[in-house]
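An overview of the molecular structure
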Amino acid sequence: MGELFLKTKQPGKHAPQMSALGLGCMGMSDFYGSAATRDDRENEAVIRAALDAGITLFNTGDFYGSGRNEALLGRALKGRRDQALISVKFGALRSPGGAFLGYDGRPNSVKNFASYSLQRLGVDVIDIYQPSRVDPATPYEDTIGAVADLIQEGKVRYLGISEANADQIRKAHAVHPVAALEIEYSLATRFIEASILPTVRELGIGVIAYGVVGRGLLTGALPEQLAAEDFRAHLPRFQGETLQRNLEKTTVLQRIARERGATPAQIAIAWVLSRGEDVIPLVGTTNQTRLAENLNALEISLSPAELAELDASFPAGAIVGDRYPTALMGMVAK
């Protein structure tokens with residue numbers, strides 16, 4: 001995969017080698033702000049800068065910008081495909097106006113989604129392919145079996161899963177070895193430590209952690225008013241008095257960052273990195289300077305005393321409010 005500057009890991013027994021940090025590309029095309037504020041040329045430059053720095057894992061979804069994000073990633077990786085591991089989530093259905101219409105995990109739909117992703121990305125094979133959620137109307141084994149078929153056909157290399165609970169993880173792994181579970185994990189969101197993390201470790205499955213700075217909450221620096229186009233404005237933990245209570249809880253993180261001469265985001269990323277060699281944090285940015293800042297988190301080794309203080313300040317449930325609106329909480333692991 002070319003000359004690497006980052007440490008690489010094999011996070012799971014059935015996973016490929018990948019960089020110790022991955023780049024989440026979602027925000028380049030969707031969810032944070034309006035389409036008018038997005039600069040595809042700058043975002044392509046960020047992706048290429050990530051490649052230059054040794055990041056190999058690039059995470060997208062076929063529903064991010066209704067295919068726009070895959071096309072963007074494909075353009076940025078052109079001529080450097082062999083340096084990248086492309087991870088694609090599928091299954092979410094969108095209207096032309098961007099509304100979510102549910103999830104579809106039926107086998108024929110899975111294969112249809114894959115055919116379009118291959119075209120938009122401009123590649124012959126997707127490295128990691130994963131249902132974004134568990135479709136309640138389709139047996140999970142059927143969805144996973146369709147990905148296994150794509151692996152057999154040489155169109156996909158590795159099976160990933162996302163937002164699955166412990167029982168669903170076992171069901172998927174029984175059909176085909178799972179390379180990695182993508183799930184939210186940070187100081188702000190620690191529910192996976194109860195049953196999900198022990199399950200994936202028992203089975204030798206890696207963890208791709210998203211939301212590692214709590215969607216910006218852990219930085220303590222959010223706009224006074226989130227734009228209506230910013231999906232965080234619709235998340236319970238980012239609303240009204242709940243948001244203020246949550247921001248107040250980040251003071252310990254801010255202090256440790258000041259003492260380290262680091263940013264709160266770097267400390268938050270370093271904490272996720274401390275959780276084990278099988279955990280790969282995804283960082284998301286549309287800015288090359290912020291990318292460099294995130295990469296510098298790899299240089300931070302938190303002391304036992306700092307880790308203990310962070311754990312005491314951010315036990316599971318310390319950040320209040322659901323991580324998704326009520327209608328979507330039924331589709332994610334808890």
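What comes next concerns the included structure. (Residues numbered from 1 in each chain as written. Predicted model: local features only at pLDDT ≥ 70, side-chain atom pairs only at ≥ 80, totals over all residues. Heavy atoms only, no water.)

**Digging into the overall build of the protein**
Of the regular secondary structure elements, the protein holds 12 helices and 12 strands. Computed over its C-alpha atoms, the radius of gyration of the protein comes to 19 Å, within 12% of the 20 Å expected for a compact globule of 334 residues. Oriented by its inertia axes, the alpha-carbon framework of the protein measures out at about 55 × 40 × 40 Å. With 35 positive and 38 negative side-chain charges, the protein shows a separation of 0 Å between the mean positions of the two kinds. (Helix = DSSP H or I, 4+ residues; strand = E, 2+ residues; numbered from the N terminus. Rg over C-alpha atoms; globule rule 2.2 N^0.38 Å. Lys, Arg positive; Asp, Glu negative; His and termini not counted. Charge placed at Lys NZ, Arg CZ, Asp CG, Glu CD.)

**So, the side chain of Arg 232**
With respect to the secondary-structure elements, Arg 232 resides in the loop between β11 (206–210) and α7 (240–248). A distance of 2.8 Å separates the side chain of Arg 232 from the backbone oxygen of Arg 215, its partner in a polar contact. (Polar contact = N/O pair within 3.5 Å; in protein donor to acceptor, adjacent residues only side chain to side chain.)

**Brief notes about the pairing of strand β4 (residues 57–61)**
By the criterion of burial, β4 is predominantly enclosed, with five of the five residues buried. Across the two faces of β4 the burial is the same, with Leu 57, Asn 59 and Gly 61 and Phe 58 and Thr 60 all buried. Taken together, the three bridges between strand β3 (residues 22–24) and β4 define a ladder with parallel strand orientation. Looking at β4, one finds that Leu 23 is bridged to Phe 58. Pairing geometry for β4 and strand β5 (residues 85–90), over five bridges, is parallel. Following the sheet pairing, Leu 57 is matched in β5 by Leu 85. Following the backbone out of β4, through helix α2 (residues 68–77) and into the adjacent parallel β5, one traces a crossover that is right-handed. (Buried < 20%, exposed > 50% of the residue type's maximum accessible area, 1.4 Å probe, protein only. Pairing = 2+ DSSP bridges. Right-handed = clockwise from strand over helix to strand, strands pointing away.)

**Notes on unusual backbone geometry**
One non-glycine residue with positive phi stands out, namely Glu 163, at about 50°. Assignment of secondary structure puts Glu 163 in the loop between β9 (156–162) and α5 (166–175). Look at Arg 215: it is not a glycine, yet its phi comes out positive at around 55°. Positionally, Arg 215 belongs in the loop between β11 and α7. Overall, Arg 215 belongs to the buried group, its relative accessible area being 10%.

**Considering the packing of aromatic side chains**
Applying the stated criterion to the full structure yields five aromatic pairs. Here Phe 63 and Tyr 64 contribute two aromatic rings whose centre-to-centre distance is 5.0 Å and whose plane-to-plane angle is 75°, an arrangement assigned as edge-to-face. Both residues of the pair, Phe 63 and Tyr 64, belong to the buried class. Here the aromatic rings of Phe 90 and Phe 113 are separated by 6.2 Å at their centres, their planes lie at 40°, and the arrangement is tilted. Within this pair, whereas Phe 90 is found in strand β5, its partner Phe 113 is found in helix α3 (residues 107–121), the two being separated by 23 residues in sequence. Both residues of the pair, Phe 90 and Phe 113, count as buried. (Phe/Tyr/Trp six-rings, centres within 6.5 Å; stacked < 30°, edge-to-face > 60°.)

**Details of helix α1 (residues 40–53)**
Two residues of an α-helix separated by three or four positions point the same way, owing to the 3.6 residues in each turn. In a regular helix each residue adds 1.5 Å, so 14 residues correspond to 20 Å; α1 covers 20 Å between its end C-alpha atoms and thus fits that length. Within α1 the residues assigned to the buried category are Asp 40, Asn 43, Glu 44, Ala 45, Val 46, Ile 47, Ala 49, Ala 50 and Leu 51. Buried-residue contacts for α1 involve β3, β4, α2 and α10 (288–295). Taking the backbone nitrogen of Arg 41 as reference, a side-chain oxygen 3.0 Å away marks Asp 39 as the first, capping residue of α1. Phi turns positive one or two residues past the end of α1, at Gly 54, with a value near 105°. (Expected span 1.5 Å × (residues − 1). Contact = heavy atoms within 4.5 Å.)

**A few points about the nonpolar core**
Nonpolar side chains in soluble globular proteins tend to end up buried together. One finds Leu 23, Ile 47, Phe 58, Tyr 129, Ile 161 and Leu 310 to be the most contacted residues of the largest nonpolar core, which totals 109 residues. In terms of residue count, helix α9 (residues 264–273) provides more of this core than any other element does, eight residues in total. The residues touching Phe 58, leaving out its near neighbours within four places in the chain, are Leu 23, Ile 47, Ala 50, Leu 51, Leu 73, Leu 77, Ala 84, Leu 85, Ile 86 and Ser 87. (Core = buried A, V, L, I, M, F, W, Y, C linked by side-chain atoms within 4.5 Å.)

**Some details on the packing of helix α4 (residues 140–152) against α5**
When two helices pack together, their arrangement is given by the angle between the helix axes and by the axis-to-axis distance. At a closest axis distance of 9 Å, the pairing of α4 and α5 adopts a crossing angle of 40°. Taken together, the axes of α4 and α5 lie oblique to each other. Of the two possible hands of crossing, α4 and α5 adopt the one that is right-handed. For the pair α4 and α5, the contacting residues are Tyr 140, Glu 141, Ile 144 and Gly 145 in the first and Gln 168, Lys 171, Ala 172 and Val 175 in the second. (Axes fitted to C-alpha atoms, helices over the stretch in contact; angles between N-to-C directions. Parallel < 35°, antiparallel > 145°, perpendicular 65-115°, else oblique. Left-handed = near helix turned anticlockwise from the far one by under 90°.)

**Quick word on the environment of Leu 235**
Here Leu 235 lies in the loop between β11 and α7. The spatial distance from the C-alpha of Leu 235 to the C-alpha of Asp 322 is 7.1 Å, given a sequence separation of 87 residues. Those residues in contact with Leu 235 that lie beyond four places of it in its chain are Arg 215, Arg 323, Tyr 324 and Pro 325.

**Quick word on the sheet that holds β5**
Spatially, β3-β4-β5-β8-β9-β10-β11-β12 is the arrangement adopted by the eight strands of the closed barrel, whose pairing is parallel. Each adjacent strand pair in this sheet contributes to an overall mean axis angle of 30°, direction not counted. By the bridge criterion, three bridges tie strand β8 (residues 126–131) to β9 in an arrangement that is parallel. Residue pairing in the sheet places Ile 126 in a bridge with Val 156 of β9.

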